[in-house]
Amino acid sequence: LAIEQQRLKLRNTLQQQSLHHSGLLLALLTGDQSLLSPEVEALFKRMGLSHLLAISGPHVLIFAAMLCWMIHRLIIRFTPSWYLRYPKPYLLVIPFCMGVLLYTAFVGFEIPALRTLLTSCIVAVLILLRFKLQALQVLLLSAAILLFLDPFSILSAAFWLSYCACLVLLRIYQTIQQQPEQLMLTRYAQLKLYIAILFESQWKIFVALLPLVLIFFQQVSWLAPVSNLIAIPVLSGLVVPLDIIAACVWLIIPALGQLLFQFNDILLSL
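The notes below deal with the structure included here. (Residues numbered from 1 in each chain as written. Predicted model: local features only at pLDDT ≥ 70, side-chain atom pairs only at ≥ 80, totals over all residues. Heavy atoms only, no water.)

1. Here we look at the overall build of the protein
Thought 1: Broken down by element type, the protein carries twelve helices and zero strands.
Thought 2: The order of helices and strands in the protein, counted from the N terminus, is α-α-α-α-α-α-α-α-α-α-α-α.
Thought 3: A compact globule built from 270 residues should have a C-alpha radius of gyration of about 18 Å, and the protein, at 20 Å, falls within 12% of that.
Thought 4: Counting across all 270 residues of the protein, residues that qualify as buried make up 40%. (Helix = DSSP H or I, 4+ residues; strand = E, 2+ residues; numbered from the N terminus. Rg over C-alpha atoms; globule rule 2.2 N^0.38 Å. Buried < 20%, exposed > 50% of the residue type's maximum accessible area, 1.4 Å probe, protein only.)

2. What to know about the pattern of salt bridges
Thought 1: Counting across every chain of the model gives two salt bridges.
Thought 2: For the salt bridge of glutamate 4 with arginine 7, the shortest nitrogen-to-oxygen distance reads 4.0 Å. In this pair, glutamate 4 and arginine 7 both sit in helix H1 (residues 2-16), three residues apart, roughly one turn of the helix.
Thought 3: A salt bridge links arginine 11 to aspartate 32; its shortest N-O distance comes to 3.8 Å. You can see arginine 11 sitting in helix H1 and its partner aspartate 32 sitting in the loop between helix H2 (22-30) and helix H3 (38-46), a full 21 residues away along the chain. Neither arginine 11 nor aspartate 32 differs from the other in exposure class; each is buried. (Salt bridge = Lys/Arg side-chain N within 4 Å of Asp/Glu carboxyl O.)

3. Some thoughts on the nonpolar core
Thought 1: Among the nonpolar cores identified, the biggest contains 46 residues, and Leu24, Tyr103, Leu235 and Phe261 are the most heavily contacted of them.
Thought 2: When residues in this core are grouped by element, the largest group, eight residues, is from helix H11 (residues 224-252).
Thought 3: Dropping the residues within four chain positions of it, leucine 235 is found in contact with Leu28, Phe44, Leu52, Val240, Pro241 and Leu268. (Core = buried A, V, L, I, M, F, W, Y, C linked by side-chain atoms within 4.5 Å. Contact = heavy atoms within 4.5 Å.)

4. What about the packing of aromatic side chains?
Thought 1: According to the stated counting rule, one finds four aromatic pairs in the structure shown.
Thought 2: A centroid spacing of 5.4 Å and a plane angle of 40 degrees characterise the contact between phenylalanine 63 and tyrosine 103, whose relative ring orientation is tilted. Highlighted residues: phenylalanine 63 in helix H4 (residues 57-78) and tyrosine 103 in helix H6 (residues 88-106), separated in sequence by 40 residues.
Thought 3: Relative to phenylalanine 106, the ring of tyrosine 103 lies with its centre 6.2 Å away and its plane at 55 degrees, an arrangement referred to as tilted. Of this pair, tyrosine 103 and phenylalanine 106 are both found in helix H6, three residues apart, which corresponds to roughly one turn of the helix. (Phe/Tyr/Trp six-rings, centres within 6.5 Å; stacked < 30°, edge-to-face > 60°.)

5. Section: the packing of H1 against H2
Thought 1: At their nearest, the axes of H1 and H2 sit 9 Å apart, and the two run at 155 degrees to each other. Considering their axes alone, H1 and H2 lie roughly antiparallel with respect to each other. For the crossing formed where H1 meets H2, the hand is right-handed. Contacts from Arg7, Leu10, Arg11 and Leu14 in H1 reach Ser22, Leu26, Leu29 and Thr30 in H2. (Axes fitted to C-alpha atoms, helices over the stretch in contact; angles between N-to-C directions. Parallel < 35°, antiparallel > 145°, perpendicular 65-115°, else oblique. Left-handed = near helix turned anticlockwise from the far one by under 90°.)

6. Focus on the side chain of threonine 30
Thought 1: Of note, threonine 30 is situated in helix H2.
Thought 2: Taking the relative accessible area as the measure of exposure, threonine 30 reaches 2% and is therefore buried.
Thought 3: There is a polar contact of 3.3 Å between the side chain of threonine 30 and the backbone nitrogen of aspartate 32.
Thought 4: Threonine 30 has contacts with Arg7, Leu10, Ile55, Phe106 and Val107, leaving out every residue within four places of it along the chain. (Polar contact = N/O pair within 3.5 Å; in protein donor to acceptor, adjacent residues only side chain to side chain.)

7. Some thoughts on helix H7 (residues 111-129)
Thought 1: Its 19 residues give H7 an end-to-end C-alpha distance of 27 Å, which sits within 8% of 27 Å, the value for a rise of 1.5 Å per residue.
Thought 2: Taken residue by residue, H7 has Ile111, Pro112, Ala113, Leu114, Arg115, Thr116, Leu117, Leu118, Ser120, Ile122, Ala124 and Leu126 as its buried positions.
Thought 3: Downstream of H7 by one or two residues, arginine 130 has phi in the positive range, about 55 degrees. (Expected span 1.5 Å × (residues − 1).)

8. Some words on the environment of serine 162
Thought 1: Of note, serine 162 is situated in helix H9 (residues 157-177).
Thought 2: Through-space distance from the C-alpha of serine 162 to that of proline 112 is 6.0 Å; in sequence the pair is 50 residues apart.
Thought 3: Among all residues touching serine 162, those that are not within four sequence positions of it are Pro112 and Arg115.

Below, the structure written as structure tokens:
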């Protein structure tokens, strides 16, 4: 209840500010699309970008990584001897999972966020027990646990689209891992490689999810592979992290948090 009240307070704060894209800022932060204008929502659907309005792995992991970075800096500053007694992954894995749980609760336990929470908890247990599983096994195990907790989630489009997209990305990541010579590439060559991977991932995800999109929505945006090439780096790499930082600062210093929201609003306008 306290988390829901905080979400409502944040929604009212964004609504009362003189922001051009308050609805989009709120949707990218919490998944709440109640303030989103019909024009913007239609634009996202037409461009095949609606998946960016769903709270998924990147949102949750960005917040958890920020939390772990802060704890890491505090340990180095005040008690660095802890790292002599406990390995860094063992020391930070529990705060990382707590950060994932907190943000997942903050966005209302959406299925993509739940997938990230379950996967993070499974990986945390494997790290603490010093046990190894293949990435595909971890992903399938998280899906099995999710279906055990909520069997009706198998009827949700979010379940199928989320896990199928992860399977494609996992395959692309495994392909990259099989090429050790990339470690010797120059910065320019690495940049070209990352751009090529971005192109490859977009068309592979588009082709893989095409049957599911047609089944669930009876329509498809042929612009999606192109529009995602621009939207994903900008929104996931700049807007969403700044949105999360602004929300965290707003909880402590409301005036500074509102200023960051205004700066992010300008970035969205551009």
